[in-house]
Amino acid sequence: MAKVTILGATGNVGLFAAHTISEIPYVSDMLLVGRPGREDFLAGCCRDLSDSFAARGTDVRLSYSTSLADARDSDIIVCTAGVPRKPGQDRNDLAFENAKIVAETARTIGQVSPDAILFVITNPVDVMTAVALKYSGLEPRQVFGLGTHLDSMRLKSLIAHYFRVHVSEVHTRIIGEHGKSMVPLWSATTIGGIRIQNLPTFSGLPTQEMIETVRTSGEAIIRDKGATVYGPGEAIATLVRTILGNENRILTVSSYIKSEIHGIGDVCIGVPARINREGVFPVAIRLEDDEIAGFSRSVAKIQKITAKVMERLEKTQ
Ligand SMILES: NC(=O)c1ccc[n+]([C@@H]2O[C@H](COP(=O)([O-])OP(=O)(O)OC[C@H]3O[C@@H](n4cnc5c(N)ncnc54)[C@H](O)[C@@H]3O)[C@@H](O)[C@H]2O)c1
Ligand SMILES: O=C(O)C[C@H](O)C(=O)O
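Residues numbered from 1 in each chain as written. Chains lettered and ligands numbered in written order. Predicted model: local features only at pLDDT ≥ 70, side-chain atom pairs only at ≥ 80, totals over all residues. Heavy atoms only, no water.

If you tally the helices and strands in the protein chain, you get 9 helices and 14 strands. Counting over 317 residues, the protein chain shows a buried share of 54%. In the protein chain, the proportion of contacts linking residues at least 24 apart, taken out of those at least 6 apart, comes to 72%. Taken as a whole, the protein chain presents about 14,300 Å² of accessible surface, with 49% of it coming from carbon and sulfur. Positive and negative side-chain charges of the protein chain, numbering 35 and 35 respectively, have mean locations separated by a distance of 3 Å. (Helix = DSSP H or I, 4+ residues; strand = E, 2+ residues; numbered from the N terminus. Buried < 20%, exposed > 50% of the residue type's maximum accessible area, 1.4 Å probe, protein only. Contact = heavy atoms within 4.5 Å. Areas by Shrake-Rupley, 256 points an atom, 1.4 Å probe, with all protein chains shown as cover. Lys, Arg positive; Asp, Glu negative; His and termini not counted. Charge placed at Lys NZ, Arg CZ, Asp CG, Glu CD.)

Our next topic: the site of ligand 1. As a matter of local geometry, ligand 1 sits amid 22 residues, with Thr-10, Asn-12, Val-13, Val-83 and Ile-121 nearest to it. Within the backbone of Asn-12, an N or O atom sits 2.9 Å from an oxygen atom of ligand 1. Interatomic distance of 3.0 Å between a side-chain N/O atom of Asn-123 and an oxygen atom of ligand 1. Taking 850 Å² as the accessible area of ligand 1 by itself, protein coverage stands at 83%. A majority-of-atoms criterion places ligand 1 in the largest pocket. Across the shell around ligand 1, the residue classes break down as 10 nonpolar, 11 polar and 1 charged. (Near = heavy atom within 4 Å. Polar contact = N/O pair within 3.5 Å; in protein donor to acceptor, adjacent residues only side chain to side chain. 1 Å grid on protein atoms, 1.4 Å probe; cavity = no way out; pocket = protein on both sides within 12 Å on 5 of 7 lines; lining within 4 Å. Sits in = over half its atoms within 2 Å of the grid points. Nonpolar A, V, L, I, M, F, W, Y, C, P; charged D, E, K, R; others polar.)

Lining the immediate environment of ligand 2, one finds Arg-85, Arg-91, Asn-123, Leu-150, Arg-154, His-178, Gly-218, Ile-222 and Thr-228. Measuring from an oxygen atom of ligand 2, one finds a side-chain N or O atom of Arg-85 at 2.6 Å. At 2.6 Å, a side-chain N or O of His-178 approaches an oxygen atom of ligand 2. When ligand 2 sits alone it has 260 Å² of accessible area, and the protein chains cover 91% of it. Taken atom by atom, the bulk of ligand 2 overlaps the largest pocket. Only α5 (149-163) and α7 (217-225) provide two or more residues apiece to the shell around ligand 2. Residue-level mapping places the shell around ligand 2 at the junction of two domains, with at least three residues from each of domain 1 (2-145) and domain 2 (149-307). (Domains from an automatic or database assignment.)

Here we come to the domain arrangement of the protein chain. The domain boundaries assigned to the protein chain delineate domain 1 (2-145) and domain 2 (149-307). Using only C-alpha atoms to locate each centre, domain 1 and domain 2 end up separated by 23 Å. Summed over both sides, the interface of domain 1 with domain 2 buries roughly 3,200 Å², with 69% coming from carbon and sulfur. Its largest share of buried area at the contact with domain 2, domain 1 owes to Arg-91, Asp-126 and Arg-141, together 19% of the area lost on that side. At the junction of domain 1 with domain 2, the criterion picks out 2 salt bridges. A salt bridge links Lys-180 to Asp-90, with the nearest nitrogen and oxygen atoms 3.4 Å apart. Among the elements of the structure, β1 (2-7), α1 (12-21), β4 (76-79), β5 (117-120), α4 (125-136) and β6 (143-145) are those that each provide at least two residues to the side of domain 1 that touches domain 2. (Buried area = accessible area lost by both parts, 1.4 Å probe. Salt bridge = Lys/Arg side-chain N within 4 Å of Asp/Glu carboxyl O.)

The following block contains the structure:
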(Lines give C-alpha, C1' and ligand atoms only; values in the text may rest on other atoms or scores of the structure.)
(Ligands and ions follow the chains in the order given, each with its own letter.)
Protein backbone atom coordinates (compact mmCIF):
# COMPACT_ATOMS: atom_id res chain seq x y z
CA MET A 1 0.00 0.00 0.00
CA ALA A 2 1.22 3.50 -0.74
CA LYS A 3 1.35 7.06 0.50
CA VAL A 4 0.64 9.76 -2.07
CA THR A 5 1.33 13.42 -1.24
CA ILE A 6 -0.18 16.28 -3.22
CA LEU A 7 1.55 19.66 -3.19
CA GLY A 8 -0.59 22.64 -4.14
CA ALA A 9 -3.58 20.67 -2.88
CA THR A 10 -5.71 23.77 -2.30
CA GLY A 11 -5.59 24.53 -6.03
CA ASN A 12 -7.95 23.51 -8.82
CA VAL A 13 -5.84 20.65 -10.19
CA GLY A 14 -4.40 19.46 -6.86
CA LEU A 15 -7.79 19.10 -5.24
CA PHE A 16 -9.43 17.26 -8.12
CA ALA A 17 -6.34 15.04 -8.44
CA ALA A 18 -6.79 14.14 -4.75
CA HIS A 19 -10.27 12.94 -5.61
CA THR A 20 -9.21 10.88 -8.65
CA ILE A 21 -6.14 9.40 -6.90
CA SER A 22 -8.25 8.34 -3.92
CA GLU A 23 -9.99 5.86 -6.23
CA ILE A 24 -6.76 3.94 -6.88
CA PRO A 25 -6.84 0.73 -4.86
CA TYR A 26 -3.12 0.78 -3.93
CA VAL A 27 -3.40 4.12 -2.14
CA SER A 28 -3.64 3.76 1.65
CA ASP A 29 -2.55 7.27 2.75
CA MET A 30 -2.99 10.62 1.15
CA LEU A 31 -1.47 13.88 2.39
CA LEU A 32 -2.68 17.25 1.13
CA VAL A 33 -0.05 19.96 1.44
CA GLY A 34 -0.91 23.63 1.21
CA ARG A 35 0.69 26.91 2.13
CA PRO A 36 0.74 28.23 5.73
CA GLY A 37 -2.43 30.20 6.36
CA ARG A 38 -4.58 27.73 4.41
CA GLU A 39 -5.19 25.33 7.33
CA ASP A 40 -8.96 25.94 7.52
CA PHE A 41 -9.37 25.45 3.79
CA LEU A 42 -7.29 22.25 3.89
CA ALA A 43 -9.34 20.96 6.84
CA GLY A 44 -12.51 21.67 4.87
CA CYS A 45 -11.12 19.87 1.81
CA CYS A 46 -10.31 16.83 3.94
CA ARG A 47 -13.81 16.73 5.43
CA ASP A 48 -15.44 17.13 2.01
CA LEU A 49 -13.23 14.46 0.40
CA SER A 50 -13.82 12.13 3.37
CA ASP A 51 -17.54 12.40 2.76
CA SER A 52 -16.99 11.34 -0.84
CA PHE A 53 -14.88 8.39 0.38
CA ALA A 54 -17.70 7.40 2.73
CA ALA A 55 -20.27 7.61 -0.06
CA ARG A 56 -18.02 5.62 -2.40
CA GLY A 57 -16.68 3.14 0.15
CA THR A 58 -13.05 4.25 -0.24
CA ASP A 59 -10.65 3.38 2.57
CA VAL A 60 -7.88 6.00 2.41
CA ARG A 61 -6.32 7.71 5.45
CA LEU A 62 -6.46 11.39 4.61
CA SER A 63 -4.52 14.18 6.31
CA TYR A 64 -3.25 17.67 5.60
CA SER A 65 -0.23 19.75 6.45
CA THR A 66 1.41 23.03 5.65
CA SER A 67 4.87 21.54 6.18
CA LEU A 68 6.73 19.70 3.41
CA ALA A 69 8.50 17.69 6.11
CA ASP A 70 5.29 15.67 6.48
CA ALA A 71 5.79 14.36 2.93
CA ARG A 72 8.44 11.98 4.31
CA ASP A 73 8.05 8.31 3.33
CA SER A 74 5.82 9.17 0.39
CA ASP A 75 5.79 6.76 -2.53
CA ILE A 76 4.66 9.43 -4.97
CA ILE A 77 4.64 13.21 -4.59
CA VAL A 78 2.48 15.07 -7.07
CA CYS A 79 3.54 18.70 -7.45
CA THR A 80 0.78 21.03 -8.63
CA ALA A 81 2.12 24.00 -6.65
CA GLY A 82 2.57 27.14 -8.70
CA VAL A 83 0.69 29.76 -10.61
CA PRO A 84 -1.50 28.87 -13.59
CA ARG A 85 -1.55 30.99 -16.75
CA LYS A 86 -4.16 33.65 -17.32
CA PRO A 87 -6.00 34.12 -20.63
CA GLY A 88 -3.54 35.50 -23.20
CA GLN A 89 -0.45 34.08 -21.47
CA ASP A 90 1.79 31.30 -22.76
CA ARG A 91 2.78 28.54 -20.32
CA ASN A 92 6.40 29.63 -20.72
CA ASP A 93 5.52 33.06 -19.31
CA LEU A 94 5.26 31.30 -15.93
CA ALA A 95 8.72 29.75 -16.15
CA PHE A 96 10.76 31.77 -13.70
CA GLU A 97 8.02 32.44 -11.15
CA ASN A 98 7.16 28.75 -10.94
CA ALA A 99 10.79 27.62 -11.12
CA LYS A 100 11.48 29.39 -7.82
CA ILE A 101 8.59 27.49 -6.20
CA VAL A 102 9.51 24.13 -7.76
CA ALA A 103 13.24 24.45 -6.98
CA GLU A 104 12.62 25.18 -3.31
CA THR A 105 10.01 22.44 -3.06
CA ALA A 106 12.13 19.86 -4.87
CA ARG A 107 15.15 20.57 -2.69
CA THR A 108 13.14 19.79 0.45
CA ILE A 109 11.51 16.73 -1.11
CA GLY A 110 14.92 15.32 -2.05
CA GLN A 111 15.91 15.57 1.62
CA VAL A 112 12.74 14.36 3.33
CA SER A 113 11.58 11.70 0.89
CA PRO A 114 14.60 10.53 -1.16
CA ASP A 115 12.93 7.30 -2.29
CA ALA A 116 9.81 8.97 -3.65
CA ILE A 117 8.82 9.44 -7.25
CA LEU A 118 8.31 13.15 -7.90
CA PHE A 119 5.59 13.81 -10.45
CA VAL A 120 5.52 17.40 -11.75
CA ILE A 121 2.38 19.07 -13.07
CA THR A 122 3.31 22.75 -12.62
CA ASN A 123 3.76 24.61 -15.91
CA PRO A 124 5.72 24.99 -18.09
CA VAL A 125 5.94 21.34 -17.21
CA ASP A 126 9.04 20.33 -19.25
CA VAL A 127 11.15 23.12 -17.77
CA MET A 128 9.75 22.47 -14.27
CA THR A 129 10.65 18.78 -14.58
CA ALA A 130 14.26 19.76 -15.29
CA VAL A 131 14.24 22.13 -12.31
CA ALA A 132 12.75 19.44 -10.04
CA LEU A 133 15.33 16.91 -11.23
CA LYS A 134 18.24 19.23 -10.56
CA TYR A 135 17.13 20.64 -7.22
CA SER A 136 15.78 17.39 -5.73
CA GLY A 137 19.00 15.50 -6.42
CA LEU A 138 16.84 12.45 -7.21
CA GLU A 139 17.63 10.07 -10.06
CA PRO A 140 16.16 10.73 -13.53
CA ARG A 141 13.89 7.67 -13.22
CA GLN A 142 12.34 9.25 -10.08
CA VAL A 143 11.38 12.62 -11.56
CA PHE A 144 8.96 13.15 -14.41
CA GLY A 145 6.27 15.53 -15.62
CA LEU A 146 2.80 15.13 -17.08
CA GLY A 147 4.39 16.19 -20.38
CA THR A 148 2.41 15.47 -23.52
CA HIS A 149 0.28 12.70 -21.99
CA LEU A 150 -2.74 14.99 -21.77
CA ASP A 151 -2.12 16.30 -25.31
CA SER A 152 -1.92 12.69 -26.55
CA MET A 153 -5.26 11.95 -24.86
CA ARG A 154 -6.81 15.06 -26.43
CA LEU A 155 -5.67 13.96 -29.90
CA LYS A 156 -6.83 10.38 -29.27
CA SER A 157 -10.29 11.64 -28.45
CA LEU A 158 -10.48 13.80 -31.62
CA ILE A 159 -9.37 10.87 -33.82
CA ALA A 160 -11.86 8.48 -32.17
CA HIS A 161 -14.64 10.98 -32.72
CA TYR A 162 -13.69 11.51 -36.38
CA PHE A 163 -13.57 7.77 -37.18
CA ARG A 164 -16.55 7.04 -34.89
CA VAL A 165 -14.66 4.38 -32.96
CA HIS A 166 -14.24 3.82 -29.24
CA VAL A 167 -11.23 5.70 -27.80
CA SER A 168 -9.70 2.39 -26.71
CA GLU A 169 -9.29 1.52 -30.44
CA VAL A 170 -7.01 4.53 -31.01
CA HIS A 171 -3.34 4.65 -30.08
CA THR A 172 -1.50 7.88 -30.74
CA ARG A 173 1.26 10.03 -29.31
CA ILE A 174 2.34 13.59 -29.20
CA ILE A 175 5.96 14.14 -28.19
CA GLY A 176 8.05 17.24 -27.45
CA GLU A 177 6.99 20.33 -25.57
CA HIS A 178 3.70 20.48 -23.68
CA GLY A 179 3.15 23.65 -25.65
CA LYS A 180 3.22 25.18 -29.10
CA SER A 181 6.12 23.11 -30.51
CA MET A 182 4.50 19.73 -29.69
CA VAL A 183 4.92 17.05 -32.40
CA PRO A 184 2.16 14.57 -33.33
CA LEU A 185 3.48 11.13 -34.26
CA TRP A 186 1.20 10.04 -37.10
CA SER A 187 3.73 7.25 -37.77
CA ALA A 188 2.83 5.81 -34.35
CA THR A 189 -0.93 6.26 -34.66
CA THR A 190 -3.12 3.18 -35.08
CA ILE A 191 -6.82 2.49 -35.14
CA GLY A 192 -7.82 -1.03 -34.21
CA GLY A 193 -4.15 -1.94 -34.56
CA ILE A 194 -3.98 -0.67 -38.18
CA ARG A 195 -1.51 2.13 -38.98
CA ILE A 196 -3.60 5.22 -39.66
CA GLN A 197 -1.83 5.84 -43.01
CA ASN A 198 -3.07 2.42 -44.17
CA LEU A 199 -6.70 3.44 -43.74
CA PRO A 200 -8.05 4.99 -46.98
CA THR A 201 -10.08 7.52 -44.98
CA PHE A 202 -6.84 8.92 -43.47
CA SER A 203 -6.34 11.16 -46.50
CA GLY A 204 -9.46 13.10 -45.46
CA LEU A 205 -8.40 13.49 -41.81
CA PRO A 206 -8.01 17.19 -40.94
CA THR A 207 -4.64 16.62 -39.26
CA GLN A 208 -3.59 20.28 -39.13
CA GLU A 209 -6.92 21.35 -37.68
CA MET A 210 -6.80 18.55 -35.12
CA ILE A 211 -3.31 19.35 -33.90
CA GLU A 212 -4.20 23.04 -33.72
CA THR A 213 -7.21 22.13 -31.55
CA VAL A 214 -4.92 20.18 -29.22
CA ARG A 215 -2.33 22.99 -29.13
CA THR A 216 -4.94 25.53 -28.09
CA SER A 217 -7.06 23.27 -25.90
CA GLY A 218 -5.73 24.40 -22.51
CA GLU A 219 -5.90 28.05 -23.59
CA ALA A 220 -9.53 27.70 -24.74
CA ILE A 221 -10.62 25.99 -21.51
CA ILE A 222 -8.88 28.62 -19.37
CA ARG A 223 -10.53 31.40 -21.39
CA ASP A 224 -14.00 29.84 -21.02
CA LYS A 225 -13.97 28.42 -17.48
CA GLY A 226 -10.83 29.69 -15.76
CA ALA A 227 -8.86 26.44 -15.36
CA THR A 228 -8.32 22.99 -16.82
CA VAL A 229 -9.21 20.50 -14.11
CA TYR A 230 -10.90 17.26 -15.13
CA GLY A 231 -8.54 16.34 -17.99
CA PRO A 232 -5.35 16.89 -15.97
CA GLY A 233 -6.91 15.34 -12.84
CA GLU A 234 -7.79 12.07 -14.62
CA ALA A 235 -4.46 12.05 -16.48
CA ILE A 236 -2.59 12.42 -13.17
CA ALA A 237 -4.51 9.47 -11.71
CA THR A 238 -3.65 7.31 -14.74
CA LEU A 239 0.04 7.93 -14.15
CA VAL A 240 -0.18 7.31 -10.39
CA ARG A 241 -2.08 4.06 -11.02
CA THR A 242 0.50 2.97 -13.61
CA ILE A 243 3.33 3.47 -11.10
CA LEU A 244 1.68 1.96 -8.04
CA GLY A 245 0.28 -0.97 -10.02
CA ASN A 246 3.73 -1.58 -11.55
CA GLU A 247 1.90 -1.70 -14.87
CA ASN A 248 4.83 -1.12 -17.26
CA ARG A 249 2.60 0.93 -19.55
CA ILE A 250 4.22 3.11 -22.19
CA LEU A 251 2.89 6.63 -21.76
CA THR A 252 4.14 9.94 -23.09
CA VAL A 253 5.55 11.97 -20.22
CA SER A 254 8.21 14.59 -19.65
CA SER A 255 11.34 12.70 -18.78
CA TYR A 256 15.08 13.27 -18.93
CA ILE A 257 16.51 11.89 -22.17
CA LYS A 258 20.22 11.60 -22.77
CA SER A 259 20.22 10.74 -26.49
CA GLU A 260 17.56 8.05 -26.81
CA ILE A 261 15.70 9.60 -29.74
CA HIS A 262 17.87 9.82 -32.86
CA GLY A 263 20.77 10.98 -30.71
CA ILE A 264 18.77 14.00 -29.53
CA GLY A 265 18.77 14.68 -25.82
CA ASP A 266 20.04 16.29 -22.64
CA VAL A 267 16.63 17.71 -21.91
CA CYS A 268 13.41 16.94 -20.03
CA ILE A 269 10.64 16.70 -22.61
CA GLY A 270 7.62 14.61 -23.62
CA VAL A 271 8.70 11.16 -24.86
CA PRO A 272 7.27 7.66 -24.68
CA ALA A 273 8.42 6.03 -21.46
CA ARG A 274 7.91 2.69 -19.76
CA ILE A 275 6.48 3.37 -16.34
CA ASN A 276 6.46 1.12 -13.30
CA ARG A 277 7.06 1.07 -9.53
CA GLU A 278 10.73 1.96 -10.09
CA GLY A 279 9.84 5.08 -12.04
CA VAL A 280 10.02 6.30 -15.59
CA PHE A 281 12.24 4.89 -18.36
CA PRO A 282 12.28 6.61 -21.79
CA VAL A 283 11.91 4.29 -24.75
CA ALA A 284 14.22 4.70 -27.75
CA ILE A 285 12.14 5.17 -30.91
CA ARG A 286 12.72 5.73 -34.62
CA LEU A 287 10.79 8.59 -36.20
CA GLU A 288 9.95 9.81 -39.70
CA ASP A 289 12.15 12.65 -41.06
CA ASP A 290 9.54 15.40 -40.53
CA GLU A 291 8.94 14.16 -36.98
CA ILE A 292 12.68 14.24 -36.23
CA ALA A 293 12.87 17.81 -37.52
CA GLY A 294 9.87 18.88 -35.40
CA PHE A 295 11.20 17.11 -32.31
CA SER A 296 14.65 18.70 -32.74
CA ARG A 297 13.06 22.16 -32.90
CA SER A 298 10.98 21.44 -29.81
CA VAL A 299 14.02 20.15 -27.89
CA ALA A 300 16.08 23.20 -28.88
CA LYS A 301 13.28 25.50 -27.66
CA ILE A 302 12.96 23.77 -24.29
CA GLN A 303 16.73 23.54 -23.82
CA LYS A 304 16.99 27.29 -24.35
CA ILE A 305 14.23 28.17 -21.88
CA THR A 306 15.53 25.64 -19.35
CA ALA A 307 19.08 27.03 -19.55
CA LYS A 308 17.83 30.58 -19.07
CA VAL A 309 15.70 29.62 -16.08
CA MET A 310 18.53 27.61 -14.47
CA GLU A 311 20.89 30.55 -14.89
CA ARG A 312 18.44 32.97 -13.26
CA LEU A 313 17.72 30.48 -10.47
CA GLU A 314 21.41 30.09 -9.69
CA LYS A 315 21.71 33.85 -9.28
CA THR A 316 18.92 33.83 -6.68
CA GLN A 317 20.38 30.93 -4.62
N1 LIG B 1 0.96 19.92 -17.03
C2 LIG B 1 -0.33 20.05 -17.25
O3 LIG B 1 -0.90 19.40 -18.14
C4 LIG B 1 -1.12 20.97 -16.37
C5 LIG B 1 -2.52 20.89 -16.34
C6 LIG B 1 -3.21 21.80 -15.54
C7 LIG B 1 -2.52 22.71 -14.74
N8 LIG B 1 -1.17 22.72 -14.79
C9 LIG B 1 -0.39 23.65 -13.97
O10 LIG B 1 -0.54 23.28 -12.61
C11 LIG B 1 -0.36 24.43 -11.78
C12 LIG B 1 -1.57 24.57 -10.85
O13 LIG B 1 -2.72 24.88 -11.60
P14 LIG B 1 -4.11 25.17 -10.86
O15 LIG B 1 -5.11 25.45 -11.91
O16 LIG B 1 -4.40 24.12 -9.84
O17 LIG B 1 -3.76 26.55 -10.10
P18 LIG B 1 -4.38 27.12 -8.74
O19 LIG B 1 -4.04 28.56 -8.68
O20 LIG B 1 -5.79 26.71 -8.61
O21 LIG B 1 -3.54 26.35 -7.62
C22 LIG B 1 -2.18 26.61 -7.42
C23 LIG B 1 -1.71 25.93 -6.18
O24 LIG B 1 -0.33 26.25 -6.03
C25 LIG B 1 -0.13 26.82 -4.73
N26 LIG B 1 0.90 27.84 -4.80
C27 LIG B 1 0.88 29.02 -5.49
N28 LIG B 1 1.99 29.74 -5.23
C29 LIG B 1 2.73 28.99 -4.38
C30 LIG B 1 3.98 29.19 -3.72
N31 LIG B 1 4.69 30.33 -3.88
N32 LIG B 1 4.44 28.21 -2.90
C33 LIG B 1 3.73 27.09 -2.72
N34 LIG B 1 2.53 26.84 -3.28
C35 LIG B 1 2.04 27.79 -4.10
C36 LIG B 1 -1.47 27.45 -4.36
O37 LIG B 1 -1.57 27.58 -2.95
C38 LIG B 1 -2.44 26.41 -4.92
O39 LIG B 1 -2.57 25.34 -4.03
C40 LIG B 1 -0.19 25.61 -12.75
O41 LIG B 1 1.18 25.88 -12.95
C42 LIG B 1 -0.83 25.10 -14.03
O43 LIG B 1 -0.35 25.75 -15.17
C44 LIG B 1 -0.46 21.87 -15.57
O1 LIG C 1 -3.09 25.01 -20.66
C2 LIG C 1 -2.74 25.18 -19.48
O3 LIG C 1 -2.17 26.20 -19.07
C4 LIG C 1 -3.06 24.09 -18.49
C5 LIG C 1 -2.55 22.77 -18.94
O6 LIG C 1 -1.22 22.81 -19.35
C7 LIG C 1 -3.42 22.12 -19.98
O8 LIG C 1 -2.95 21.84 -21.08
O9 LIG C 1 -4.59 21.86 -19.67
